Amino acid sequence: MAEQSKEVYVEPSVEQATGLASKFVKAIVSEAVGRHGICYLGLVGGTTPHGLYLRLASDGCSGDVPWQNVEVFFGDERDVPQDHVASNYHMAQRTLLDHVPIELMHIHPMPADSEDIQGAAAEYEKAIRKAVPSGDQGIPRFDLILLGMGGDGHTASIFPNTEAVSETEKLVAAYHVPVLGRNRMTITFPLINAARNVILFVTGSDKADAVAKLLDNDPEARADLPVSRVNPAKGNFKIILDAAAARSANLKYL
Ligand code: 6PG
């Protein structure tokens, strides 16, 4: 598949990168609501988005974001209860969802702590298929999917050298992640790459090596990074970095 052109933004600081990401998120949400009355949004977990969600929550209260027309799903989740400190839902709830006027029925936590995690993943996929209109590939098209990246190049919970990397049928997968010793539930590349907009938001020097590989002109250099498979063929792909995350990348060919 042709390589989708990606837009790479490097900001001097985490705060400035967060401000740019917030600006793009708000613009995409507003555009989607203007276009079809709702924004289907996939939230990212981990720690990087804390600041972004807090920024959106504070800006959002100014009324310039139509949060009441947003429907939220999650890109991945840990196998912990929703009120656990490690839960991506719990993090998003504390930093964003409790502070903006999104209806509870439009917030869909991922049930990754289910006893039947495979069945729960299949149910979550059904919920996405029911709520989010599909594109011409018959795959639901999110208006925006937010992603982060680990130092090993994982994104969502698609970890290197796992079955999730090459999943082409399931839109939501659940599996045991050997490197973590835990189960994870995650959206997969078919769903990610059907999105209208994908924003990959990465900060910190601990991600610099993976970012350098991801942005390397040589496809071989990034072949072992799951995040290198993010390629929304009919969508817009933005990579937002701070200088620390970009410090080893060769940006001149971008
Ligand atoms: C998760 C995330 C994951 C995250 C990366 C980066 O559940 O952890 O969805 O993909 O984006 O692991 O995590 P940090 O932002 O904590 O560095």
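Whatever comes next refers back to the structure up there.
Conventions adopted
Residues numbered from 1 in each chain as written. Predicted model: local features only at pLDDT ≥ 70, side-chain atom pairs only at ≥ 80, totals over all residues. Heavy atoms only, no water. Core = buried A, V, L, I, M, F, W, Y, C linked by side-chain atoms within 4.5 Å. Buried < 20%, exposed > 50% of the residue type's maximum accessible area, 1.4 Å probe, protein only. Helix = DSSP H or I, 4+ residues; strand = E, 2+ residues; numbered from the N terminus. Pairing = 2+ DSSP bridges. Axes fitted to C-alpha atoms, helices over the stretch in contact; angles between N-to-C directions. Contact = heavy atoms within 4.5 Å. Salt bridge = Lys/Arg side-chain N within 4 Å of Asp/Glu carboxyl O. Near = heavy atom within 4 Å. Polar contact = N/O pair within 3.5 Å; in protein donor to acceptor, adjacent residues only side chain to side chain. Areas by Shrake-Rupley, 256 points an atom, 1.4 Å probe, with all protein chains shown as cover. Phe/Tyr/Trp six-rings, centres within 6.5 Å; stacked < 30°, edge-to-face > 60°.

Undergrad: Help me understand the nonpolar core in this model?
TA: As a rule of thumb, nonpolar side chains are buried together in soluble globular proteins. By size, the foremost hydrophobic cluster in this structure holds 84 residues, and its most contacted members are Y53, F74, L97, L146 and M185. Tallying contributions element by element places helix α1 (residues 14–36) first for this core, with 9 residues.

Undergrad: Before we go on, may I ask you to explain the sheet that holds strand β7 (residues 182–187) in this structure?
TA: Across a sheet, strands are paired by hydrogen bonds formed along the backbone, either parallel or antiparallel in direction. Taken in spatial order, the 3 strands line up as β4-β7-β6 in an open sheet, and their pairing is antiparallel. A single partner strand is all that each edge strand has here, and the edge strands are β4 (76–78) and β6 (172–177). The mean inter-strand angle of the sheet, taken between neighbouring strand axes irrespective of direction, is 20°. Summarising the sheet, β6 and β7 pair through 6 bridges and their orientation is antiparallel. Each bridged residue has a counterpart across the sheet, and for A173 the counterpart in β7 is T186. Against the sheet, helix α4 (residues 117–131) makes contact with β6 and β7, and its axis sits at roughly 155° relative to β6, the strand it touches most.

Undergrad: How should the pattern of salt bridges be read in this particular structure?
TA: Should the charged atoms of two oppositely charged side chains come close, the side chains can pair. Scanning all chains against the criterion turns up 11 salt bridges. Measuring nitrogen to oxygen at the nearest pair gives 3.0 Å for the salt bridge that ties R182 to D79. Here D79 lies in the loop between β4 and α3 (88–95) and R182 lies in strand β7, a separation of 103 residues in the sequence.

Undergrad: Just checking my understanding: could you explain the sheet that holds strand β1 (residues 6–11) for this structure?
TA: Here we have 6 strands laid out as an open sheet, ordered β1-β9-β8-β5-β2-β3, and parallel in their pairing. Pairing within the sheet leaves two strands with one partner each, and these edge strands are β1 and β3 (70–74). Within this sheet the neighbouring strands show an average axis-to-axis angle of 20°, counted without direction. For strand β5 (residues 144–147) and strand β8 (residues 197–202), the ladder comprises 3 bridges, and the chain directions are parallel. By the bridge assignment, L147 is partnered in β8 with L200. The strands touched by α1 within the sheet are β1, β2 (39–43), β3, β5, β8 and β9 (236–242), with β9 carrying the most contacts at an inclination of about 160°. Lying on the sheet, α4 is in contact with β2 and β3; it crosses β3 at an angle near 155°.

Undergrad: Help me understand the pairing of β3, please; the structure alone is not making it clear to me.
TA: Look at any regular strand and the pattern is simple: side chains alternate between the two faces of the sheet. Here β3 lies mainly inside the structure; 5 of its 5 residues are buried. Side chains V70, V72 and F74 of β3 all project onto a buried face; the interleaved residues E71 and F73 project onto the opposite face, where all are buried too.

Undergrad: It is not clear to me how the site of the ligand should be interpreted in this structure. Could you clarify?
TA: In the neighbourhood of the ligand, 16 residues make up the surrounding shell, with T47, T48, D76, H154 and A156 lying closest. A distance of 2.7 Å separates an oxygen atom of the ligand from a polar atom in the side chain of T47. Between R78 and the ligand, the recorded distance is 2.8 Å, taken from a side-chain N or O atom to an oxygen atom. Protein contacts shield 88% of the accessible area of the ligand, which totals 410 Å² for the unbound molecule.

Undergrad: Hey, could you run me through the packing of aromatic side chains in this one?
TA: Aromatic rings considered in pairs are described by the distance between their centres and by the relative angle of their planes. Applying the stated criterion across every chain, the model contains 4 aromatic pairs. For the pair Y9 and F24, a centre-to-centre distance of 4.9 Å together with 55° between the ring planes defines the contact as tilted. With Y9 in strand β1 and F24 in helix α1, the pair connects residues that are 15 residues apart, well separated along the chain. Aromatic side chains F73 and F142 sit 5.7 Å apart centroid to centroid with 90° between the ring planes, which places their arrangement in the edge-to-face category. One end of the pair, F73, is in strand β3; the other, F142, is in the loop between α4 and β5, and 69 residues separate them in sequence.

Undergrad: Just checking my understanding: could you explain unusual backbone geometry for this structure?
TA: Both trends apply: most residues other than glycine have a negative phi, and most peptide bonds are in trans. Its identity as a non-glycine residue notwithstanding, A156 has a phi of 50°, on the positive side. Along the chain, A156 turns up in the loop between β5 and β6. Given a relative accessible area of 13%, A156 falls into the buried group. The phi dihedral of N161 is positive, around 60°, even though this residue is not glycine.

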